[in-house]
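Letter by letter, the chains look like this.
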Amino acid sequence: MSSLLEAARQYLSWGWAVIPTVNKIPCISYTELPHFNPTSKDCFDYYLKQFEEHSEAQGIALIVNPNMLVLDLDSSRTEAEFEAITKNATGIKTARGSKYIFVDRRPDLIDTCASLRDRAGSAKFHIREDVEIILEGMLCELPPGLHPSGQRYEWINEPIKGFVTPLPDVLFNEVVRYGETRREGKNFLPGELERLLQGLSEGEGRNEAAIRIAGHLIGKNNNWNVVESFLKSWNQKNNPPLSDNELSGILESAHRYYDEKQEIKTCFSTTVNQEALNEVKEMTEAEINLLKTNFAQRKLKCDLPDDHFITQFVKYADRMTDGYQDYKILGGFWLLSSLTQRKPYIDLATSADGIFLNVWTQFIGFSSISRKTTVIDIARMFFAYAQGEPLTDTDYSLEGYLETLAETPILAMINDEVSTVFQKMNQKYNAGYNEFECKLYDCNSQNKRLASGGKKEPKVYPVKDPYITKLYGTTFVKYKRSMTIPDFDSGFGFRFVYTAPTYDFKQRPPRLRTAEDIEERSKMEARTAQLFELFNQSAPFAMGVTPEAFDYYIKTDFETQNEIKYKTNQELLGQAWSRYSVYILKFAALIEIGKKSVSRVITVESIKIATSMVLDYFLPTLCDVYNLLTVDPVNNKIDKILEALKDFKGIASHSVLLRKTRLESKEFRSLISTMVESDQIELISEKNPKNGKITTYYHYLECDEIEFKNPSSPNSQIPLIPRFTDTKNTMGISENLDFLKESEGMRLDTQTVQYKKIQILTDSRIENNVCESGNLENLGISVNLDSSTNTREVVNEYKENDKNTPFTPVVCPVEDAARILDEEGIY
Amino acid sequence: MSLLFLDIETTGLSPLTSSLVTLQLMTPSGKSLIIKDPVSLEALKPKLENNLIIGHNLKFDSKFLRYQYGITLRSVYDTYLAEIAISGGRLARRKGASLKDLVFKYCGVQMDKSEQCGFKKGVALTAEQIKYAANDLKYLPEIMKQQQVQIKRLGLDNVIGIEMKCLPAVVWMELSGFHVDLNKFKEIKAFIQNKYYAAKAFLQKELVTYDKRYCVVDRVWGKLSVSINICHENKPRQLHRTR
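Criteria and cut-off values
Counting restarts for each chain: residues are numbered from 1 in the order of the written sequence. All chains are assigned letters beginning at A, and all ligands numbers beginning at 1, according to the order in which they are written. This being a predicted model, a pLDDT of at least 70 is required before a residue's local features are given, and a value of 80 or more before pairs of side-chain atoms are given or counted; all residues contribute to the totals for chains, interfaces and linings. As a rule here, side-chain values cover all heavy atoms of the structure and leave hydrogens and water aside. Under the DSSP-based scheme used, a helix requires at least four consecutive residues in state H or I and a strand at least two consecutive residues in state E, with every element numbered from the N terminus. It only takes one pair of heavy atoms within 4.5 Å for two residues to be counted as in contact. pLDDT: the predictor's confidence for each residue, scored from 0 to 100. Each residue is assigned to one of three classes by its accessible area relative to the maximum for its type, calculated with a 1.4 Å probe on protein chains only: buried under 20%, partly exposed between the two thresholds, exposed over 50%. A pair of strands counts as paired when DSSP detects no fewer than two bridges linking them. Seen with the strands pointing away from the viewer, any crossover whose path from the first strand over the helix to the second strand runs clockwise is right-handed. By salt bridge we mean one thing: a side-chain nitrogen of Lys or Arg within 4 Å of a carboxyl oxygen of Asp or Glu. Each patch is built from residues lacking any salt bridge and having more than 30% relative accessible area; the joining distance is 9 Å for like charges and 5 Å for nonpolar side chains (Val, Leu, Ile, Met, Phe, Trp, Tyr). Only the protein chains shown count as covering a residue, and every accessible area follows the Shrake-Rupley method with a 1.4 Å probe. What is meant by a nonpolar core is a set of buried Ala, Val, Leu, Ile, Met, Phe, Trp, Tyr and Cys residues, joined one to another through side-chain atoms within 4.5 Å. For helices, the fitted axis covers only the stretch in contact; all axes are lines through C-alpha atoms, and the angles between them, taken along N-to-C directions, range from 0 to 180 degrees. For Phe, Tyr and Trp, rings pair up if their centres lie within 6.5 Å, where Trp contributes its six-membered ring, and each pair is then called stacked (planes under 30 degrees apart), edge-to-face (over 60) or tilted (otherwise). Note on geometry: a ring has a charge over it if NZ (lysine) or CZ (arginine) is within 6 Å of the ring centre and within 35 degrees of the ring normal. Geometric relationships in this document are graded by angle, where less than 35 degrees denotes roughly parallel, more than 145 denotes roughly antiparallel, 65 to 115 denotes roughly perpendicular, and other angles denote oblique. Only Asp, Glu, Lys and Arg are considered charged in this grouping, and only Ala, Val, Leu, Ile, Met, Phe, Trp, Tyr, Cys and Pro are considered nonpolar; every other residue, Gly among them, is considered polar. By this rule, a helix spans an expected 1.5 Å times one less than how many residues it contains. By definition, turning the near helix anticlockwise from the far helix through less than a right angle yields a left-handed crossing, and turning it clockwise yields a right-handed one.

In this section: the overall build of chain B. Secondary structure assignment for chain B yields 9 helices and 7 strands. Considering only contacts within chain B whose residues lie at least 6 apart along the sequence, 57% involve residues at least 24 apart.

Written out as structure tokens, the structure reads:
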């Protein structure tokens, strides 16, 4: 034992991790071993202590380190062939007469070794019939250990201070060729399987052969019973057969591999095609977390000059409260729309009286935290100031509504919790409310007659030249309870523009009002009152449209209609577009009116911004809102799963989702299978790097989301969007303004956002993210996503190249290098 | 602007005294070029100055290229700096952010760095050295890609941006040094030295007066001196306690 201890001390000093063995079996469990760090004294002491504690040890085994390969040369024929190697090589002679040669693993074998290890648990491979290669992590007996036969292992050539001889070129080529064969998916060399199946003798690698045969059978989709019985009968052909213990150990590890394969496979019923199975994406935990943040990121963006009415309103609202920017922008448009009071209109030939600029807006958001009411109240405050009387929440019955309209046909309606109004509208006594509202939206005069129930004369309410704007707010749940699909069928729902943000935003604590706040408020009040007076005293006038702006509008309308024809929810989109195309004109006109000096002509710039708002934000949001009504998680189990997935930000693991939905496992799997086939979700697998356990995740693909092409050029005519900073107490508005002037704004235009969304659905997340992180842009380098030199493509290209061609560096003079770079397009 | 992966091998660590042995470049398509013992890099200057250079610890490479070849790497992405930023500064001036560490962390591969010191000027490269040189670049795209994910996740875009923009300036400063008024410097030095000698003489005198054990006579000059090193920070304190 003392000789073993001495030897162990020497090996450890060389940086070789060694453990005590008895009859070639380690005395300590392999899993208990710490990661070997030769420079760490603790590690050194730990290994040495094992020898002191296990006095029964007869052998000493090396855990092959990453920079080393061990070759087991079996027969004398090999020895003769590699005589030159064995003569001077560092190696040992085994009891059976074979030789273990320790060689240095060349750096260019890193990939080969890594891929060999990945494919199987074992790290011992016969690269030829008589040459076995032993890789990192495997055990190898060392002198002066005792073989079970009683003979001692001996050094042929002892390494000097742990340095081993280099791997000869002949063997290097053999190893590389073997690695390539394995990488191509061929588990066996030609004729190798046949040889193994005939049975092996002791020392010919029965263990490794058993694992490989089991893996091969499992890979061929064999049932576990088949694999087990085959291995047992094969074992009988071995001389001697592996002991029951050994065989059951192998079967156990093979069964784990079988289970891993089954876990993914059982997510699909037998009807799922093989393609779907192949689509399981492997991702790391970080990538999966990334998917979560990428969900529901749609933001309303509207870049306008600093002195624009909308910008001023947003700035004030931003100063006073946190909450979604989307609400603030849309609240600003509602205020502007209300201020115009049916004076400006767009004289489209198709409309009877022209198109007036009334905007119906609906805020949907989570209760309290999204700050709907706060923004609504700010808009209400300014309008009340402008018109000189308070603006109360609207909660009319149809009769009351008609009475009000008969008196004041120009009405700004506001309600921060509109669900009760909607519920009332759907009552029987209010039949026809929706249809009436639709006509009011079009600003057509009408006489509405209310049935009296047969007791009195029916009442007739004359509504002359109505102009109604609406600013409504509610929560998702209440909206779903109060609105129905028929409300959309009547066209009522399509007359609203919606904002329903769910992304995370930075919340700010409340603060006390400052003198600056009051100053800003009075400035905004003055401007609002000025506009109100201007339109109040002005006669109705038609907004002009520049020819370019009108061409642009026609082009957008035409292309979107064509696109809608090929969408799956064509009817819904068709109905929506008939209203939303008009909204483009309305928003464009409001943008012109909100300018510092009110403009009466719609320019191409404003129509482009309006188009972008409608196509990139309002139309997709409308579809989301409509889908919200169609989803029925109580009765429809697929909806239930999708809703649960949304709760987890679009991605959840198998067990978590199963628990959340409370469905039966069998039923759940069958539903998942259907959803995968219909591309509603995708499967992602994550391998835990510590224990190798595979977890399956389901990712909601947002397949119902609508994406429209924006006819704007890819390089975006839309100016940069100013970033509104969080207004801190210490920061005056003037500083804030300075910041806004200096800020470059976000470079992501709406086209880029669309492009990225598509990428998110189609590409690996990690690569997509290289583009998205935008840090290259932060470096001051503008990387054009459409050009061929963006990082993602570069990395892709590089990876492809790496897979297909070996890594061959070229040594060349400077001029040649410059020429090669020129050829590659690097100037 | 395109990307270029860059690394150099040198005979030592200082750009002032050591020489550049090889310059390795890798193109985005995976082509790897090794330039041995370059006399001038004029032909490559625009390519290195006008493209985004990606490498590990590019300050080192930048200093060599700037001092010896007059090339300034303007746009850089340094995987070393990025890793330190990702670690929240924990890896600054510590082990754990070397290329070997990053290759293992992000690619799961153990790099062999044994060839690192074998590069000699004027001596042809061996096959192993060529492979080693190219290998240093091989894993950079993967490292960069994975770092991007971390940077995005941690919201470090701006920090990384600032770090990378600073690098050329730091290189310039380290190579340029700073102006020193030598006359004034000598003046201050003389003033401090005088104070030092006066204090030393006083201490010696005091020690000899109070404790004869420390008194020795110089054999050659016959002068009195103390037998201990009074410049040592602990000795005078010990003496003071003894007294």
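Residues and elements named next belong to chain B. Per-residue confidence for chain B gives a mean pLDDT of 83; residues scoring 70 or more make up 85%. Mean pLDDT values over the elements of chain B span from 52, in strand E7 (residues 224-226), up to 93, in strand E4 (residues 52-55). If you check the scores for this complex, the pTM reads 0.44 and the ipTM reads 0.74.

All names here are of chain B. Side-chain alternation along E4 places Leu52 and Ile54 on one buried face and Ile53 and Gly55 on a second face that is also buried. In the sheet, strand E1 (residues 3-10) pairs with E4 via 3 bridges, with the strands oriented parallel. Looking at the pairing, phenylalanine 5 lines up with isoleucine 54 of E4. Tracing the backbone out of E4, into helix H2 (residues 58-69) and back to the parallel element strand E5 (residues 75-78) gives a crossover that is right-handed.

Attention now moves to the pattern of salt bridges. All names here are of chain A. The final tally for this structure, using the stated rule, is 29 salt bridges over all chains. Here arginine 371 ties to aspartate 322 by a salt bridge, and the two come within 2.6 Å at their closest N and O atoms. Here arginine 371, found in the loop between strand E15 (360-364) and helix H15 (372-387), pairs with aspartate 322, found in the loop between helix H13 (309-320) and helix H14 (325-340); they are 49 residues apart in sequence, far enough to count as distant. By relative accessible area, which is 22% here, arginine 371 ends up partly exposed.

A contiguous nonpolar patch, built from Phe178, Val180, Leu182 and Phe185 of chain B and spanning about 470 Å² of accessible area, is present on the exposed surface. Locating phenylalanine 185 of chain B in the fold gives a position in helix H8 (residues 182-210).

A few words on the nonpolar core. Judged by nonpolar contacts, the single largest core of 114 residues is most densely connected at Tyr479, Phe488, Tyr580, Phe587, Ile607 and Phe618 of chain A. Here the element with the most residues in this core is helix H24 (residues 604-630) of chain A; it accounts for 16 residues. Other than its neighbours up to four places away in sequence, tyrosine 479 of chain A contacts Gln362, Ile364, Phe422, Thr474, Phe488, Tyr498, Val625, Leu628 and Leu629 of chain A. Of all hydrophobic cores here, the second largest spans 53 residues; its members include Ile820 of chain A together with Ile86, Leu102 and Ile143 of chain B.

Residue placement: threonine 661 of chain A occurs in helix H26 (residues 654-661). When near neighbours in sequence (up to four residues on either side) are disregarded, threonine 661 of chain A contacts Lys640, Ile641, Ala644 and Phe668 of chain A.

Strands sit in the order E27(A)-E3(B)-E2(B)-E1(B)-E4(B)-E5(B) across an open sheet of 6 strands; the sheet is mixed. Of all strands in the sheet, those with a lone pairing partner are strand E27 (809-811) of chain A together with E5 of chain B, marking the two edges. Along the sheet, successive strands turn relative to each other by an average axial angle of 25°, direction set aside. Judged from the 5 bridges that link them, strand E2 (residues 20-26) of chain B and strand E3 (residues 32-36) of chain B form a sheet pairing that is antiparallel. Bridging from a neighbouring strand, leucine 23 of chain B pairs with isoleucine 35 of chain B of E3 of chain B.

Moving on to the pairing of E15 of chain A. Residues and elements named next belong to chain A. Taking burial as the measure, the 5 residues of E15 include 5 buried ones, the bulk of the element. Burial of E15 is two-sided: the residues Trp360, Gln362 and Ile364 facing one way and the residues Thr361 and Phe363 facing the other way are all buried. Pairing analysis gives 3 bridges linking E15 to strand E20 (residues 497-499), with the strands arranged parallel. Note that in E20 the partner of threonine 361 across the bridge is valine 497.

This paragraph deals with the sheet that holds E15 of chain A. All names here are of chain A. Read from one edge of the open sheet, 4 strands run E16-E19-E15-E20, paired in parallel fashion. Sheet topology places strand E16 (410-415) and E20 at the edges, where each strand pairs with a single neighbour. Sheet twist, expressed as the mean angle between neighbouring strand axes with direction ignored, is 10°. Together, E15, E16 and strand E19 (467-474) form the strand contacts of H15, whose direction differs from that of E19 by roughly 155°. With respect to the sheet, H24 is in contact with E15 and E20, its orientation differing from that of E20 by roughly 80°.

Residue and element names in this part refer to chain A. Taken as a whole, this structure holds 42 aromatic pairs over all chains when the rule is applied. Look at tyrosine 472 and phenylalanine 496: their rings are 5.8 Å apart centre to centre, the planes differ by 35°, and that puts the pair in the tilted class. Taken together, the residues tyrosine 472 in strand E19 and phenylalanine 496 in the loop between helix H20 (485-489) and E20 connect sequence positions 24 residues apart. Pairing phenylalanine 535 with phenylalanine 541 gives two aromatic rings, centres 6.3 Å apart and planes at 15°, and the pair type is stacked. You'll find phenylalanine 535 and phenylalanine 541 in the same group, each marked buried. Geometry around phenylalanine 356 places arginine 342 over its ring, the cationic atom sitting 4.1 Å from the centre. Over the face of the ring belonging to tyrosine 583 we find lysine 586, whose NZ or CZ atom lies 5.3 Å from the ring centre.

On to the environment of arginine 106 of chain A. Along the chain, arginine 106 of chain A falls in the loop between strand E6 (99-104) and helix H5 (110-119). The exposure class assigned to arginine 106 of chain A is buried, which follows from its relative accessible area of 13%. Placed 39 residues apart in sequence, arginine 106 of chain A and asparagine 67 of chain A show a C-alpha to C-alpha distance of 7.7 Å. When residues no more than four places from it in sequence are discounted, the contact partners of arginine 106 of chain A are Leu167, Asp169 and Phe172 of chain A together with Glu128 and Lys131 of chain B.

All names here are of chain A. Contact geometry for helix H22 (residues 547-565) and helix H23 (residues 570-593): axes closest at 10 Å, N-to-C directions at 170°. By the angle class used here, H22 and H23 are roughly antiparallel. Where H22 abuts H23, its residues Tyr553, Thr556, Asp557, Thr560, Gln561, Ile564 and Lys565 lie against Gln570, Leu573, Gly574, Trp577, Ser581, Val582, Ile584 and Leu585. The class makeup of the residues in the contact of H22 with H23 is 7 nonpolar, 6 polar and 2 charged.

Here we come to H2 of chain B. In a regular helix each residue adds 1.5 Å, so 12 residues correspond to 16 Å; H2 of chain B covers 15 Å between its end C-alpha atoms and thus fits that length. Of the residues flanking the end of H2 of chain B, it is glycine 70 of chain B, one or two places downstream, whose phi is positive at about 70°.

Residue and element names in this part refer to chain B. Here helix H4 (residues 99-107) crosses helix H6 (residues 140-154) at 70°, and the two axes come no closer than 10 Å. With respect to H6, the axis of H4 lies roughly perpendicular. Of the two possible hands of crossing, H4 and H6 adopt the one that is left-handed. For the pair formed by H4 and H6, the contact residues are Leu99, Leu102, Val103, Tyr106 and Cys107 on the first element and Leu140, Glu142, Ile143, Gln146, Gln147 and Gln150 on the second. In the contact of H4 with H6, the residues fall into 7 nonpolar, 3 polar and 1 charged.

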